[in-house]
Amino acid sequence: MSQIDRVLRSNLKLRHLQMLVALDQFRHLGRASEFLSQTQPAVSKSLAEVERMFGLDLFTRSTRGTEPTPFGEAVVRFARSVLSDYARTRDEIAAVASGAAGRVSVGAMVVATPGLVAGAVERLKRHSSLTTVHIEEGDLTRLLPRLRVGELDVIVARLEPGYASPDLSTEPLVEEAMRIVVRPDHPLATARKTKRPPWAELARMPWVMPPPWASSRIKLNQMFYSQQLDPPSDIVESASFLVTLTFLRQRGAAAFVADNVARYLAKEGLAKALPIDVPIELPPIGLLTLRNRRPSPAAEQFMNCCRETAAGKDVAPSAVRSRGGSTEGVSRR
């Protein structure tokens, strides 16, 4: 390792960098000393120390003041760069510690996105617009491994009992009814409101279904069985919002979605909920984190915003389940 490389990597201290920048800025030992709240001999001694480290003259001294040499200009540029990064890092750490900024990585199931997640992000951004929120959509089979390796801070999802695990901490927040939706121009959507779509017709239709492991899929199949019908066989399985929307429009399929998703699709003119009751009970929607991992300030703030969104009746007003605390396992049912 060269001498200069060793000096830049190890020997220079923050006070040396501050001194070099001050000398370059004021071009005078006396004014630089005053700015640094040091005596002029102390600044002169510090400069001589740095020059000995490099084995180079960094500044020329004269009765007119101090001027950086070509070597000095290069070292001053390095000093300014380091001090700038230092200040930026200091400010970022202070902001993160105060919850004013930072980054949170969120895994989200479709069931939670338009209501709970969207409301929480809006609250978070009102409080701290500089916080970056990274959102990954998917089902628990995809999101849980990413949570366990630290790539996600929290998952907002339906707390499926089949995924209960000792390393997971869960917090139920809301419960939501389910709706059957079709595209707005579908014959069932444009039928008279007094006509309830028959389950037999729904069984013959193409569907976008939740994955087989999802409790909503199991409960929906049970609804068909209760009508003495086999569940639909023309299906696409997906937990993706975009896939669901694509096949609603492209194939005229029906889909089984949470009430907040159905209301969002209706508001945007993308789908319409059918006037049919789906009287099934499903696990609540809530937060899922690793039990022994302490959340970052930004992640904690996002989770607080989820709690506030639920408690503030921004989603499923009658379905507020909890405002805080953890539960053992994924569901109390």
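These remarks concern the structure in this document. (Residues numbered from 1 in each chain as written. Predicted model: local features only at pLDDT ≥ 70, side-chain atom pairs only at ≥ 80, totals over all residues. Heavy atoms only, no water.)

## Topic: the nonpolar core
Our working definition: By nonpolar core is meant a set of buried Ala, Val, Leu, Ile, Met, Phe, Trp, Tyr and Cys residues that side-chain atoms within 4.5 Å join together. Relative accessibility under 20% of the residue-type maximum defines a buried residue, over 50% an exposed one, and the middle range a partly exposed one, all with a 1.4 Å probe and only protein chains included. Put simply, DSSP marks the helices as runs of H or I at least four residues long and the strands as runs of E at least two long, and each gets a number from the N terminus on. In what follows, a contact means two residues having at least one pair of non-hydrogen atoms within 4.5 Å.
Core analysis: the largest hydrophobic core is formed by 70 residues, its most contacted members being I155, V156, I180, L202, W207 and F302. Here the element with the most residues in this core is helix α13 (residues 297–311); it accounts for 7 residues. Excluding residues within four positions of it along the chain, V156 makes contact with V106, G107, A108, M109, A112, L116, V117, G286, L287, F302 and C306. Of all hydrophobic cores here, the second largest spans 21 residues; its members include M19, L20, A22 and V50.

## Points about the packing of aromatic side chains
As a reminder, the rule being used: Aromatic pairs are defined between Phe, Tyr and Trp rings, using the six-membered ring for Trp, whenever the two ring centres lie within 6.5 Å; interplanar angles under 30 degrees are classed as stacked, those over 60 as edge-to-face, and all others as tilted.
In the structure shown here, the tally under the stated rule is 5 aromatic pairs. For the pair F26 and F35, a centre-to-centre distance of 5.2 Å together with 45° between the ring planes defines the contact as tilted.

## Section: the sheet that holds strand β11 (residues 272–273)
Worth spelling out the cut-off: Between any two strands, at least two bridges found by DSSP are needed for them to pair. Here an angle of 0 to 180 degrees is reported between the N-to-C directions of two axes, which are lines fitted to C-alpha atoms, with helices fitted over the stretch in contact.
Spatial ordering of the open sheet is given by β9-β8-β10-β7-β11, a layout of 5 strands whose pairing is mixed. Whereas interior strands pair on both sides, the edge strands pair on one side only; in this sheet they are β9 (235–237) and β11. Pairing of strand β8 (residues 207–209) with strand β10 (residues 254–258), which is carried by 2 bridges, proceeds in the parallel orientation. Across the sheet, residue W207 finds its bridge partner in β10, namely A254. Against the sheet, helix α10 (residues 215–226) engages β7 (178–182), β8, β9 and β10, with an angle of about 135° to β8. Across the sheet, helix α11 (residues 241–251) touches β7, β8, β9 and β10, and the angle it forms with β10 is around 145°.

## Examining the packing of helix α2 (residues 14–26) against helix α4 (residues 40–54)
Counted only if it meets this: Roughly parallel means an angle under 35 degrees; roughly antiparallel means over 145; roughly perpendicular covers 65 to 115; every other angle is labelled oblique. We call Asp, Glu, Lys and Arg charged. Ala, Val, Leu, Ile, Met, Phe, Trp, Tyr, Cys and Pro are nonpolar, and the rest, Gly among them, are polar.
Between α2 and α4, whose axes approach to 10 Å, the crossing angle comes to 110°. Comparing the axis directions of α2 and α4 gives the class roughly perpendicular. For the pair formed by α2 and α4, the contact residues are R15, H16, M19, L20 and L23 on the first element and V43, S46, L47, E49, V50 and M53 on the second. Class assignment for the residues of the contact of α2 with α4 results in 7 nonpolar, 2 polar and 2 charged.

## Overview of the packing of α2 against helix α3 (residues 29–36)
Selection criterion: By definition, any crossing whose near helix is turned counterclockwise from its far helix by less than a right angle is left-handed, and any crossing with a clockwise turn is right-handed.
Where α2 contacts α3, the two axes come as close as 8 Å, and the packing angle between them is 130°. Between α2 and α3, the angle is such that the two are oblique. The hand of the α2/α3 crossing is right-handed. On the side of α2, the interface is formed by Q18, M19, A22, L23 and F26, while α3 contributes L29, R31, A32, F35 and L36.

Remember that the coordinates give geometry; whether it matters functionally is a separate question.
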